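Coordinates in review
These are the residues of each chain, in order.
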Amino acid sequence: MLMLATCAAPSYAQTREVSGTVTDQESGAGLPGVAVQVQGAQGGTQTDIDGNYTLAVPPGEVTLTFSLIGYVTMTAPLSGDRLDIQLAADVQSLDEVVVVGYGTVRKKDLTGAVAVVDNEQLNRRGALNPVEAMQGQVAGVDISNSSGRAGAGFDIRIRGQQSIQGGRDPLYVVDGVITDGIEFLNPQDIARVDILKDASSAAIYGSRGAYGVVLVTTKQGADVNRKAVISYDGYMGVRNVARMPEFMSGDKWMNWRQDAYISEAITRGNPVPEAPGFNTQSDEMQRRLDENDFTDWPSLVTQNGSQANHWVSLSGMSNNTGYTFGVGYQQEEGNVINEKYQRYNFKASIDQQLNEKWSGGINLNLALADYEAGAPNAMVNAFRMNPLMSPYNTEDGELIVQPGKDLVDGTSSNYHINFTSSVNPLVDMANASQETRTYYAIGNVFLQYVPLEGLSLKTTFSPRYKLDKYGQFLGTDSEGRVGGQPGGEIENTESFSYIWDNQVTYNKTAGEHSFNAMGLVSMNMFRDEVSFMSQDRMDMSAKSYHNVGSGGDLTTLQVDGDYARETILSFALRLNYSYMDKYLLTVSNRWDGASVLADGNKWESFPSAALGWKLSEEAFLENAGFIDDMKLRLSYGFTGNKVIGPYETQARASTPTYYDFGGTPMGGIRPTGIANRHLTWERTGELNAGLDFSFFKYRLSGSVDVYNKVSKKLILSRQLPFEAGYGVIPQNIGEVVNKGVEVGLTSVNISTPDLTWSTSINFARNNNEVTALYEDTDEIFQELGDGYDADDIVRVGFPLNSYYNWAADGVWQAAEAEEAAAFGQSEGQGRVRDLNGDGSITEADKTIIGTKMPDWTGGLSTTLTFKAFDLSVALIARQGMFVYSPFHAEFTNHEDRGRSKLDIDWYMQENPVTSARTSGMYPQPKNAGIYWKDSRVGYYRDASFLKVKNITLGYNFPSDMLERAGIGSLRVYANVLNPFVFTEYDGFDPEWADASLSSGGVSFVTYQVGVNLKF
């Protein structure tokens, strides 16, 4: 920085005044609001209402820059005291191409619902995961963090959910390679992300496009300029624990514990104990209470973590060869001790124009990721430990293995503290580990031939390789192994796939007619192999899962494996037609043939059609001067959901059994179920209508889409009669409808030479409804995987992911004891609603109490630029989410009296030992009633939130200063991620409110400083 400061340009001692007029190249009218600046200098002026300007400039050679939204920026040397300029409309912005799968189209000719996130939008967020960088930027694309752990993944839902039992993720395609995600990429290497939202756009991907398609284009050799450019983009940061829930202090927790003992005595008709909760002869517990000697257990296993991302790239062109190389390193140290994520990336892309007819290229992306998750039980146990327990022995102050079993010296059954048998998290962290190493490689090699003008033939081979190596070690004195032998396991999953695409494209313009035709033959192969080994009794000297084979007890050694292979052959046709550059038509069809389907059902077709009408080109709008661009879109298409795995349409024999063979017992295998050879893809038809627009010289632009998506042939496991001998069989029998609206707006609020301010906002609302199951069945129960499955229901007329239970209705108060008795309950117990008013609580009073699906989602980002400074802020919102919260099921559990508790107020009836308490939300400890205890009605929460996703402040060094140091551009910035969350949810974080305790993790705020540097 000192070097740069010494290179600062000298101030101008003398100036001269120049003037001129800026006009529209087509109409000749003066253009107001044009920013006029001396190139490389700060400040400037604006043209007046007639397009006139006056500007003070330094002596000598001067170049002026003229810029206005919606027009091409121009630079011109100043040769006198007057300079008149004509600006042309920015047709390049109108001609921006959009990737639509196996090709591109101009944005203004797009007929489907496709969203684009560019490199700048991705990297302003400072995210390690490129999916997180897209969060809140695209209407209808709902992205949520699944965990607060280091290297955590993100869930994407595009226009709701339709599959009941199948996959729910979009199709990811990286440089033409189908992948299972994009988290292995460094965001700095991504040039753009195109998201195909509607069926007409995604239909070109056939059986895999029902949940939308995420097309990722990394930086390519074909995209670079002739000049070689070296760039560095990086940041470092700290990740601080934030918004930690309030847990009970030691004395309040002891009050809870005593009330639990008292409640149990009262409900059983026993005498109330005089010293409830004290279950040892030692006075150690009382001492800790008197001296406030409590332990903050969460602080012992949490820490302030760190983040870093470094990316260095070289790109350029030489002798018709474009090249891009890049290396990257990403690191994240989590907020739980021993939790760390690291990733290394290497990128190479070379494109060669061999001659005017032949070209070729190769792209390669390599990644190595290491994730250490720490002890599997340490974090959970730390939060469970009550504040009266200590990690150290009372007798000698040494680390204790089981803090809840603090023995008096020299005894085997007399305790200072006698609670849980859980292992000390500090001991557990030192004796247990979980590690995952992932190798990832994708690439493609292509050759293209252009025999005639407008005709091209292209063949592309795209392989993918992934190896996951997982190991777990549970040493002596880790959770569940106190004094026992170590245990460990290793699982390796190897995946290989390739796609061979052969494509022909023909472009033709004849007068007012334009055609673009594409034909495709695609061959896909996917193979997965799994090997697994575990040992429950490893040698006592073992310190790692690498010794999993040690130990002499072969009865606890388990070895297993799996193998699966499938192929898909596809044909596709697409035609784009334009008449008078106003009326647009796109039709396509894809035929997929899959090895996983049975004979007679292997092939399925996925057609689509879309229309576009450029209203702004019509004569009846030619006098609407405020309209720059306006286009109507209408489309309908079909996509499939590839949820059938290899061999699922065949009868498989894998269950060990014994049978009689001539009087001798013999070992064999028997079928695991009945095959359904008629099983096929789930199929979705979608109608989409949209409007794209730009107003006021492109100062306001956006789009509105409405859609109706009907998904049929949904796969359900149907119950079989007992006589069949098997429980269920999969069938194509369900139907789900998603209807919604999406709005995206971008505005340029202020545009002057020194100050610009722009804002983007998006909103999406999706209504999900199950419209059919099978025959006379209108509801089935389905596990949502949130720790409590008895309430998970799929019911006709309601959304997927719905909860079916009694509706909580507060707590029975003392004045309501007589009414409570009529319902078979008592004072202090949790009450539920008598919905049918019959004076009793029965199954008929159960209802759909909510759904995990949000009512609406949205995002807002705004950028303010003042001279060389830029400030940007981004917000995301998910509203109307209702979840079963494992956090509250644990820390507001009223049946437990030994574990830590959320700082709540609870109900307690009159008693001779503790004070009475009142609460309308939380019932009496150990007397919460059957609806809290058995049906868990008190653990549902509204998880709606509004998050400030990031705030970034940057500074761009002036170009004239950098030229002296041989630097092309330099920007420094500071960024803060997730600084504010507005929510009523009082657990760790509303974004992962339904995550399990072990996978969820604490909330955090990240502070970063970074540099963008180019030579």
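Residues numbered from 1 in each chain as written. Predicted model: local features only at pLDDT ≥ 70, side-chain atom pairs only at ≥ 80, totals over all residues. Heavy atoms only, no water.

**Examining the overall build of the protein chain**
Quick note on the threshold: Put simply, DSSP H or I for four residues or longer makes a helix, DSSP E for two residues or longer makes a strand, and each gets a number counted from the N terminus. Restricting the calculation to C-alpha atoms gives the radius of gyration, and the globule rule supplies 2.2 Å times the number of residues raised to the power 0.38. Think of it in three bands: residues with accessible area under 20% of the maximum for their type are buried, residues over 50% are exposed, and the middle band is partly exposed, with areas taken using a 1.4 Å probe on protein chains only. In what follows, residue pairs with any heavy atoms lying within 4.5 Å of each other are defined as contacts. Only the protein chains shown count as cover for residues, and the accessible areas themselves come from Shrake-Rupley with a 1.4 Å probe.
Each helix and strand counted, the protein chain has 15 helices and 50 strands in total. Against the 2.2 N^0.38 benchmark of 31 Å for 1015 residues, the protein chain shows a C-alpha radius of gyration of 33 Å, consistent with a compact globule. Here the C-alpha coordinates of the protein chain stretch approximately 105 × 85 × 65 Å along the principal axes. Buried positions account for 51% of the 1015 residues belonging to the protein chain. Of the contacts made within the protein chain by residues no fewer than 6 positions apart, 69% connect residues no fewer than 24 positions apart. Approximately 44,200 Å² of the protein chain is accessible, and the part contributed by carbon and sulfur atoms is 53%.

**Topic: the packing of aromatic side chains**
Just so we agree on the cut-off: Ring geometry is summarised as follows: Phe, Tyr and Trp rings, the Trp one being its six-membered ring, pair when their centres sit within 6.5 Å, and such pairs are stacked at plane angles under 30 degrees, edge-to-face over 60 and tilted between the two. Note on criteria: charge over ring means Lys NZ or Arg CZ within 6 Å of the ring centre, with the direction from the centre no more than 35 degrees off the ring normal.
This model, assessed by the stated rule, comprises 39 aromatic pairs. Ring centres of W256 and W906 lie 5.3 Å apart, and the angle between their planes is 80 degrees; on these two criteria the pair is classed as edge-to-face. Of the two residues, W256 sits in helix 6 (residues 250-268) while W906 sits in the loop between helix 12 (886-891) and helix 13 (930-933), which places them 650 residues apart along the sequence. On the basis of relative accessible area, W256 is assigned to the buried category, the value being 0%. With a relative accessible area of 0%, W906 lands in the buried category. Measuring from ring centre to ring centre gives 6.1 Å for F695 and F696, while their planes differ by 70 degrees; the resulting arrangement is edge-to-face. Residue F696 is classed as partly exposed on the basis of its relative accessible area, which comes to 46%. The cationic tip of K405 hangs over the ring face of Y415; the distance from NZ or CZ to the ring centre is 5.5 Å.

**Notes on the pairing of strand 26 (residues 487-510)**
Put simply, the rule reads: Should DSSP find at least two bridges between two strands, the strands are regarded as paired.
Here strand 25 (residues 455-474) runs beside strand 26; their pairing, made up of 20 bridges, is antiparallel. Paired with T460 across the strands is D501, a residue of strand 26.

**Quick word on the sheet that holds strand 15 (residues 190-196)**
Heads up, the rule is: Axis geometry follows a simple rule: fit a line to the C-alpha atoms, using only the stretch in contact for helices, then measure angles between N-to-C directions, giving values from 0 to 180 degrees.
Spatial strand order, 10-15-16-13-14: five strands in an open sheet with mixed pairing. If you trace the sheet from one side to the other, it starts and ends with strand 10 (114-118) and strand 14 (177-179), each paired once. Across this sheet, the average inter-strand angle for adjacent strands is 25 degrees, counted without regard to direction. One ladder, built from five bridges, connects strand 10 with strand 15; its direction is antiparallel.

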